[in-house]
Amino acid sequence: MWYGTDAPPLSGHEALSVAPMVDHTDRHFRFLARLLSRRTVLYGEMIWDSAIAKSAADGLDALDELLSFSAEEHPVVAQLGGSTPELMERAAEICVARYGYDAVNLNAGCPAASGPCFGAALMKRPALVGELCAAIGRGARMPATLKCRLGVDEYDSAGHLDAVLDAAMAAGVDHVVVHARKAILGLDTAKNRSVPPLRHDAVRALVDAYPHLRITINGGIKTLRAARHEIDAFGLHGAMIGRQAYAQPWILADADRAMFGAPNRATSRDEVLAAFAVYADGAVEEASPARQAAVWRAALRPISGMFASTPCSKAWRQALLEEQHRERGREALVPPSAVLDVALATLRASAAGRRELGMAPPDSAG
Ligand SMILES: Cc1cc2nc3c(=O)[nH]c(=O)nc-3n(C[C@H](O)[C@H](O)[C@H](O)COP(=O)(O)O)c2cc1C
């Protein structure tokens, strides 16, 4: 197998990252992403500090279900949500000391109204952001990182963002991911990713204002070319891609070359899908009997976008869906590789499918 744990240490190697996305960036998606790019930094789904505390009390199995990941996924970042420093400290310690996450990030950007003060709402309280970052730093025994927005509600001046960043820096933070829009509490989370206008200029301005902070820009970046531009033209430390990386994971196949100046890992979709099939079969086999069906579904989900933006996209999705529906009628689960084989055979039946399967990564950043 040609994948391995040869990723370099995280700090300073964050030119490209895939954003944390609940219900999306689970370990299965991250494994696929890692088959596509050796270097891209992968964030996990946000995990509540309190969920880690509860799972720790429930035992190792519960904790493993929440936090375990494959060694191949490194470098991988745990993102924590919450507002209680003691819980944050303990959660960060478990993430790093027990599970080996490469960094721990505080979510100060989610606009969901969960709990009294969480996610973007934290930005109204810079001192609490500082306390939480300090708690993560103590627990993780490394500087916390922060993901925030430009502001929240009426707390959206440059001065207010400065107060948040200053508090974070005083707590040891040296890397901040800024989603280039403000958050509007009360507006649903999906609209909060489109209604508040994108202001890349405001994130770029932080580069000069904060020379000692590594600034990663996020929001609306859809191509490696755009990601590269942020670094080359504006001096950003890195770019983070969210929705587009999930919808079209194949864009990551050129990331090692375009973003890190290293050889690409994947040579074709065919090869990546063959390696992923082996992984997915193993993930189902290893799951407890009670969880096998859920793992089966989750493990097949990330590959649905593998042909996005090609003439085969619809045929691929349809073939995968049909096979998964057929599966529901069976008494025993077939391995995910069997589903993949049928979907791949559908593509191989057409010249366009064969071409896309064998195609090398796009030269995407020029
Ligand atoms: C389905 C979904 C789930 C998300 N979950 C999280 C999360 O857990 N933590 C977080 O900080 N941001 C979360 N986000 C926001 C993304 O990390 C990112 O900031 C946002 O999508 C903007 O980047 P993009 O335009 O490249 O998608 C989520 C976004 C989506 C679409």
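Each value, and the rule that gives it
- Residues numbered from 1 in each chain as written.
- Predicted model: local features only at pLDDT ≥ 70, side-chain atom pairs only at ≥ 80, totals over all residues.
- Heavy atoms only, no water.
- Core = buried A, V, L, I, M, F, W, Y, C linked by side-chain atoms within 4.5 Å.
- Buried < 20%, exposed > 50% of the residue type's maximum accessible area, 1.4 Å probe, protein only.
- Helix = DSSP H or I, 4+ residues; strand = E, 2+ residues; numbered from the N terminus.
- Domains from an automatic or database assignment.
- Contact = heavy atoms within 4.5 Å.
- Salt bridge = Lys/Arg side-chain N within 4 Å of Asp/Glu carboxyl O.
- Near = heavy atom within 4 Å.
- Polar contact = N/O pair within 3.5 Å; in protein donor to acceptor, adjacent residues only side chain to side chain.
- Areas by Shrake-Rupley, 256 points an atom, 1.4 Å probe, with all protein chains shown as cover.
- Nonpolar A, V, L, I, M, F, W, Y, C, P; charged D, E, K, R; others polar.
- Buried area = accessible area lost by both parts, 1.4 Å probe.
- Axes fitted to C-alpha atoms, helices over the stretch in contact; angles between N-to-C directions.
- Parallel < 35°, antiparallel > 145°, perpendicular 65-115°, else oblique.
- Pairing = 2+ DSSP bridges.
- Right-handed = clockwise from strand over helix to strand, strands pointing away.

### Concerning the nonpolar core
Part 1: Leu146, Ile303, Met306 and Trp316 are the most contacted members of the largest nonpolar core, which totals 109 residues.
Part 2: Examining the composition of this core, we find that 9 residues originate from one element, helix H11 (residues 269-286), more than from any other.
Part 3: Two domains each put at least three residues into this core: domain 1 (16-260) and domain 2 (269-358).
Part 4: Discounting chain neighbours no more than four positions away, the residues touching methionine 306 are Leu32, Leu36, Pro249, Trp250, Arg269, Val272, Leu273 and Trp316.
Part 5: One finds Val41, Val77, Ala103 and Val177 within the second-largest nonpolar core, a separate group that totals 7 residues.

### What to know about the pattern of salt bridges
Part 1: Across all of its chains, the model carries 17 salt bridges by this definition.
Part 2: Note that lysine 191 is salt-bridged to aspartate 188, the shortest N-O span being 3.9 Å.
Part 3: Classification of lysine 191 as partly exposed rests on a relative accessible area of 43%.
Part 4: Taking relative accessible area as the criterion, aspartate 188 reaches 41% and is therefore assigned partly exposed.
Part 5: The partner of glutamate 356 in a salt bridge is arginine 269, with the nearest N and O atoms 3.3 Å apart. Here arginine 269 lies in helix H11 and glutamate 356 lies in helix H15 (residues 351-358), a separation of 87 residues in the sequence.
Part 6: Its relative accessible area of 8% is what places glutamate 356 among the buried residues.
Part 7: You can call arginine 269 buried: its relative accessible area is 3%.

### What to know about the site of the ligand
Part 1: For the ligand, the set of nearby residues contains 17 residues, the closest of which are Gln79, Asn218, Gly220, Gly242 and Arg243.
Part 2: A distance of 2.8 Å separates an oxygen atom of the ligand from a polar atom in the backbone of proline 20.
Part 3: Take asparagine 218: an N or O atom from its side chain is 2.6 Å from an oxygen atom of the ligand.
Part 4: Contact with the protein chains hides 90% of the accessible area of the ligand, taken as 610 Å² for the molecule alone.
Part 5: Classifying every residue of the shell around the ligand gives 6 nonpolar, 8 polar and 3 charged.

### Focus on the environment of alanine 233
Part 1: In this fold, alanine 233 is placed in helix H8 (residues 224-234).
Part 2: Its relative accessible area of 42% is what places alanine 233 among the partly exposed residues.
Part 3: For the pair alanine 233 and arginine 257, spaced 24 residues apart in the sequence, the C-alpha separation amounts to 18 Å.

### Section: the environment of arginine 199
Part 1: Here arginine 199 is to be found in the loop between strand S6 (175-179) and helix H7 (200-209).
Part 2: Separated by 19 residues in the primary sequence, arginine 199 and alanine 180 place their C-alpha atoms 5.2 Å from one another.

### Here's the deal with the domain arrangement of the chain
Part 1: Here the domain parsing of the chain yields domain 1 (16-260) and domain 2 (269-358).
Part 2: The C-alpha-based centres of domain 1 and domain 2 are spaced at 29 Å.
Part 3: Listed per partner, the contact involves 17 residues of domain 1 and 18 residues of domain 2.
Part 4: Between domain 1 and domain 2 the total buried area reaches about 1,500 Å² when both faces are included, carbon and sulfur atoms providing 63% of it.
Part 5: Three residues, His28, Leu32 and Trp250, lead the burial of domain 1 against domain 2; their summed loss comes to 40% of the area buried on that side.
Part 6: At the junction of domain 1 with domain 2, the criterion picks out 1 salt bridge.
Part 7: A salt bridge links arginine 291 to glutamate 65; its shortest N-O distance comes to 3.4 Å.
Part 8: For the pair domain 1 and domain 2, the interface holds 3 residue pairs in polar contact (both at pLDDT 80 or more).
Part 9: Elements represented by at least two residues in the side of domain 1 that touches domain 2 include exactly helix H1 (27-36) and helix H9 (243-247).
Part 10: Residue contributions to the side of domain 1 that touches domain 2 peak at 7 residues, all from H1.
Part 11: Residues of the side of domain 1 that touches domain 2, tallied by class, amount to 9 nonpolar, 4 polar and 4 charged.

### Notes on the packing of helix H3 (residues 60-67) against helix H4 (residues 85-98)
Part 1: Packing of H3 against H4 brings their axes to within 12 Å, and their N-to-C directions diverge by 85°. The angle between H3 and H4 falls in the class roughly perpendicular. For the pair H3 and H4, contact is made by Leu60, Leu63 and Leu67 and by Ile94, Cys95 and Arg98, respectively.
Part 2: Of the residues contributing to the contact of H3 with H4, the split by class is 5 nonpolar, no polar and 1 charged.

### Quick look at the pairing of strand S5 (residues 145-149)
Side chains on a regular strand alternate between the two faces of the sheet.
Part 1: Taking burial as the measure, the 5 residues of S5 include 5 buried ones, the bulk of the element.
Part 2: The alternating pattern of S5 places Thr145, Lys147 and Arg149 and Leu146 and Cys148 on opposite faces, both of which are buried.
Part 3: Sheet topology places strand S4 (residues 103-108) next to S5; 4 bridges connect them, and they run parallel. Residue pairing across strands places leucine 106 opposite leucine 146, the latter belonging to S5.
Part 4: Following the chain from S5 across helix H6 (residues 158-170) to the adjacent parallel S6, one finds a crossover that is right-handed.

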